[in-house]
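Chain residues, written in single-letter form:
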Amino acid sequence: MKRKAVFIDRDGTLNVDAAYASRYEQIAVYPESFEAVRKINLAGLLAVVITNQSAVGRGLLTEDDLSHIHARLSASFADRSARLDAIYFCPHYVLSPDPRYGKECDCRKPNPGLALRAAAELGIDLASSYMIGDKAEDIIFGINIQAVPVLVLTGSGRESLTRLREQGLEPAYVAETILHAADWILDRERRQAHDPL
């Protein structure tokens, strides 16, 4: 049976957006993120980070550097009894001089590539899943993969809400923080389980 996931944006949602962080020490996780992920874990949903990291394509860090950052990020959650089940990233930047990265790709949000890969590798039912993010691209990504899109007002959230409404788009829910988003998702899951129709 396929599993449900909560896809989570990184910068501005899980942690403060540090604008092209190249070292783990530049990552400041929002304190409520640990509890939010722990609640997602306990509810039996996968917690999967989906992040655009054009800093790689811009030459500001390597994929190995980014993998090291993500290993330490995952460890910081594990130390607090929370589990990030997977982290998927897009390293591309269309203007990169490096031909490996300087291209149009299907994995940069709002394109669905990373979710399709996660679905194949982790057995995820996208249409039963959720996306939490602070950027318009995160919400459009959620819509593109038929997941339930939740906007957080941390990071770029307030500006993104204005942008989305200008485009005639509306998140399923607008949350102050990732913890409020997780609580709303889990409440929705409980209500659906109680009254599946």
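Scroll up for the structure.
A brief report on the enclosed structure follows.

Attention now moves to helix 2 (residues 63-78). With 16 residues, helix 2 should reach 22 Å at 1.5 Å per residue; the first-to-last C-alpha distance of 22 Å fits that figure. Every buried residue of helix 2 is listed here: L66, I69, H70, L73, S76 and F77. An end-on view of helix 2 places all buried positions within 115° of arc, on one side of the element.

Take the packing of aromatic side chains next. Under the criterion given, the structure shown has 3 aromatic pairs. Taking the centre distance of 6.5 Å and the plane angle of 85° together, the rings of F7 and F141 count as edge-to-face. With a gap of 134 residues between them, F7 in strand 1 (residues 5-8) and F141 in helix 4 (residues 136-144) connect regions that are remote in the sequence. Judged by its relative accessible area of 0%, F7 is buried. Among the residues examined, F141 registers a relative accessible area of 0% and is labelled buried. Look at F34 and F77: their rings are 4.6 Å apart centre to centre, the planes differ by 50°, and that puts the pair in the tilted class. Placement of the pair is F34 in helix 1 (residues 31-42) and F77 in helix 2, with a sequence separation of 43 residues. A relative accessible area of 0% places F77 in the buried class. The ring of Y93 carries the charged tip of R58 above its face, separated from the ring centre by 3.9 Å. In this structure, R80 packs its charged tip against the face of F34, placed 4.3 Å from the ring centre.

If you look at the biggest cluster of nonpolar residues, it comprises 39 residues, and the most contacted ones within it are L14, L73, F77 and I185. Of all elements in the fold, only strand 1, helix 1, strand 2 (46-52), helix 2, strand 3 (86-90), strand 4 (130-133), strand 5 (148-152) and helix 6 (178-194) reach the threshold of two or more residues within this core. Once residues within four sequence positions are removed from consideration, L73 is found in contact with R10, L14, Y24, I27, V29, L84 and I87. Residues V48, Y88, L114 and L126 belong to the second largest nonpolar core, which totals 20 residues.

Before going further, it helps to examine the sheet that holds strand 4. Pairing is parallel in the open sheet, where 6 strands are placed in the order 3-2-1-4-5-6. The open sheet has two edge strands with one neighbour each: strand 3 and strand 6 (173-175). This sheet shows a mean twist of 25° between the axes of neighbouring strands, independent of strand direction. When strand 1 meets strand 4, the two strands line up parallel, connected through 3 bridges. Following the sheet pairing, I8 is matched in strand 4 by I132.

Right, let's get into unusual backbone geometry. The omega torsion of the bond from K109 to P110 falls at 15°, within 30 degrees of zero and hence cis. Relative to the helices and strands, P110 resides in the loop between strand 3 and helix 3 (113-122). Here Q146, not a glycine, exhibits a phi torsion of approximately 70°, which is positive. With respect to the helices and strands, the residue Q146 is situated in the loop between helix 4 and strand 5. Residue class for Q146 comes out exposed when judged on its relative accessible area of 61%.

Turning our eyes to something else, we now look at the side chain of N15. Along the polypeptide, N15 turns up in the loop between strand 1 and helix 1. Taking relative accessible area as the criterion, N15 reaches 0% and is therefore assigned buried. Look past the residues within four positions of N15 in its chain and what remains in contact with it is R10, I27, A28, V29 and Y30.

Cut-offs applied
- Residues numbered from 1 in each chain as written.
- Predicted model: local features only at pLDDT ≥ 70, side-chain atom pairs only at ≥ 80, totals over all residues.
- Heavy atoms only, no water.
- Helix = DSSP H or I, 4+ residues; strand = E, 2+ residues; numbered from the N terminus.
- Expected span 1.5 Å × (residues − 1).
- Buried < 20%, exposed > 50% of the residue type's maximum accessible area, 1.4 Å probe, protein only.
- Arc of directions from axis to C-beta.
- Phe/Tyr/Trp six-rings, centres within 6.5 Å; stacked < 30°, edge-to-face > 60°.
- Lys NZ or Arg CZ within 6 Å of the ring centre and 35° of its normal.
- Core = buried A, V, L, I, M, F, W, Y, C linked by side-chain atoms within 4.5 Å.
- Contact = heavy atoms within 4.5 Å.
- Pairing = 2+ DSSP bridges.
- Axes fitted to C-alpha atoms, helices over the stretch in contact; angles between N-to-C directions.

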